[in-house]
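Residue-level listing of the chains:
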Amino acid sequence: MGAPMASNLIKAGCDITVWNRTKSKCDPLLSLGAKFESSPARVASSCDVTFAMLADPESAFEVACGANGAAEGMAAGKGYVDVSTVDDATSKLIGKRITSTGASFLEAPVSGSKKPAEDGLLIFLTAGDESLYKRVAPLLDVMGKSRFYLGDVGNGTAMKLVVNMVMGSMMVSFAEGLLLSEKVGLDPNTVVEVISQGAINAPMFSLKGPSMVKAAYPTAFPLKHQQKSKAGAGPAESVSQPIPTAAAANELYKVAKSLGLADQDFSAVIEALKAKVQSSQH
Ligand SMILES: NC(=O)C1=CN([C@@H]2O[C@H](COP(=O)(O)OP(=O)(O)OC[C@H]3O[C@@H](n4cnc5c(N)ncnc54)[C@H](OP(=O)(O)O)[C@@H]3O)[C@@H](O)[C@H]2O)C=CC1
Ligand SMILES: O=CCCC(=O)O
């Protein structure tokens, strides 16, 4: 996700410096004109605004607050925008550390996958320092099609986890329908087509359905990243709201991970369902 986002900024004429743990993944960006620095701290000290796009809460914290992390290069007047999907506690910890340097902090997780990232069509769910939000708005508009400012740090993360909770349940329900249709003698491709024409149509079904029918799961959104947010358990627990459907879906993502599908697209959750169906028939 970080690479296409940075690539769009470079193509829009921004002066970009990059760092990634695996340096070779920066090569395409360097050939587009980006500069490279050897640590997040050095990126932060050489740039006005630093964007971070990391896998999970642990890596987002490490890159922001660990040794040679971005916070070490932050100072008053600079901004840090974390676009990773993390949890409430991690986002607040990162925000606290960044603002302790005098810099400003914005959380800005994104809705939209690999293709929207490439096409500059992401949706930014931002919260935190409003003046930083206004300052980076033109950059968000290069990478995305819309942006929401949601108030205090934590609200962007909560919005992202709610949206992913709905998406995770929808995908499991879709997988159940595809599998069931096959079992009762229907063509699952026709199911995809019928759904695409009705009120429950969602781009996700039309996009992923045809490959799911072929048992192919080219990774756009890795299954491990869907499961890491535990189906929105964080926000739900904070207000003691039951989320029975999402919680059941999450169990299936856990099974999929145990089957070695963590790095495949999250639509591979259908394989966990197939395994469950098979074991129930023995
Ligand atoms: N893919 C998608 O469709 C979407 C993803 N997201 C969110 O965006 C984020 C990135 O997703 P995506 O690009 O798919 O994930 P990837 O797993 O492809 O990339 C994750 C990045 O995190 C880095 N990383 C992982 N662990 C560490 C660590 N310990 N220290 C330093 N760097 C680390 C990786 O570095 P390295 O290259 O060295 O492995 C890589 O640059 C996630 O938070 C995800 O939930 C949000 C919307 C959509
Ligand atoms: O977190 C990523 C979800 C993928 C999407 O929004 O399409």
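Residues numbered from 1 in each chain as written. Chains lettered and ligands numbered in written order. Predicted model: local features only at pLDDT ≥ 70, side-chain atom pairs only at ≥ 80, totals over all residues. Heavy atoms only, no water.

### Looking at the layout of surface pockets
We apply this condition: Only protein atoms enter the calculation, which uses a 1 Å grid: trapped sets of points that fit a 1.4 Å probe without letting it out are cavities, open sets showing protein on both sides within 12 Å along at least five of seven lines are pockets, and any residue with an atom within 4 Å of a point is a lining residue. Grid points are joined across faces, edges and corners, and a volume is the space filled by probe spheres set on the points. The numbering of helices and of strands both runs from the N terminus, where a helix is a DSSP run of H or I of at least 4 residues and a strand a run of E of at least 2. For this classification, the nonpolar set comprises Ala, Val, Leu, Ile, Met, Phe, Trp, Tyr, Cys and Pro, the charged set comprises Asp, Glu, Lys and Arg, and every other residue, Gly included, is treated as polar. Start and end positions for the domains come from either an automated domain assignment or a database one.
The volume enclosed by the second largest pocket comes to roughly 280 Å³. Lining the second largest pocket are 16 residues, and of these Asp87, Asp88, Leu161, Gly234 and Pro235 sit closest to its centre. Sorting the residues of the lining of the second largest pocket by element identifies helix H8 (155-183) and helix H12 (233-238) as the ones contributing at least two each. Take the lining of the second largest pocket: its biggest share by element is 4 residues, from H12. Across the lining of the second largest pocket, the residue classes break down as 6 nonpolar, 6 polar and 4 charged. Both domains that meet at the lining of the second largest pocket, namely domain 1 (2-152) and domain 2 (158-280), each give it at least three residues.

### Describing the domain arrangement of the chain
How we decide: Buried area: the accessible surface (1.4 Å probe) lost by two parts on joining, summed over both. Basic side-chain nitrogens of Lys or Arg form a salt bridge, by our definition, when they fall within 4 Å of a carboxyl oxygen of Asp or Glu.
The domain boundaries assigned to the chain delineate domain 1 (2-152) and domain 2 (158-280). Here domain 1 meets domain 2 over a buried area of about 830 Å², counting both sides, of which 66% is carbon and sulfur. Looking only at domain 1, the three residues that lose the most surface to domain 2 are Ala55, Thr85 and Leu125, adding up to 41% of its buried area. Counting across the interface, domain 1 meets domain 2 through 0 salt bridges.

### A short note on the nonpolar core
Selection criterion: Residues enter a nonpolar core if they are buried and are Ala, Val, Leu, Ile, Met, Phe, Trp, Tyr or Cys, with the set joined through side-chain atoms within 4.5 Å. Residue burial is assigned from relative accessible area. The probe radius is 1.4 Å, only protein chains are included, and a residue is buried under 20% of its type maximum, exposed over 50%, and partly exposed in between.
Core analysis: the largest hydrophobic core is formed by 27 residues, its most contacted members being Met171, Phe174, Met212 and Tyr253. Breaking this core down by element, the ones donating at least two residues are H8, helix H9 (188-197), helix H10 (203-213), helix H13 (244-258) and helix H14 (269-280). Of the residues forming this core, the biggest block, 6 residues, is contributed by H8. Listed in part, the 23 residues of the second largest apolar core include Met5, Val18, Ala108 and Leu132.

### Focus on the pattern of salt bridges
By the definition in use, this model includes 9 salt bridges. We note a salt bridge from aspartate 15 to lysine 35, for which the minimum N-O separation is 2.8 Å. You can see aspartate 15 sitting in the loop between helix H1 (2-11) and strand E1 (17-18) and its partner lysine 35 sitting in strand E2 (residues 35-36), a full 20 residues away along the chain. With a closest N to O distance of 2.6 Å, aspartate 119 and lysine 115 form a salt bridge. Here aspartate 119 pairs with lysine 115, and both are found in helix H6 (residues 114-119), just 4 residues apart, close to one helical turn.

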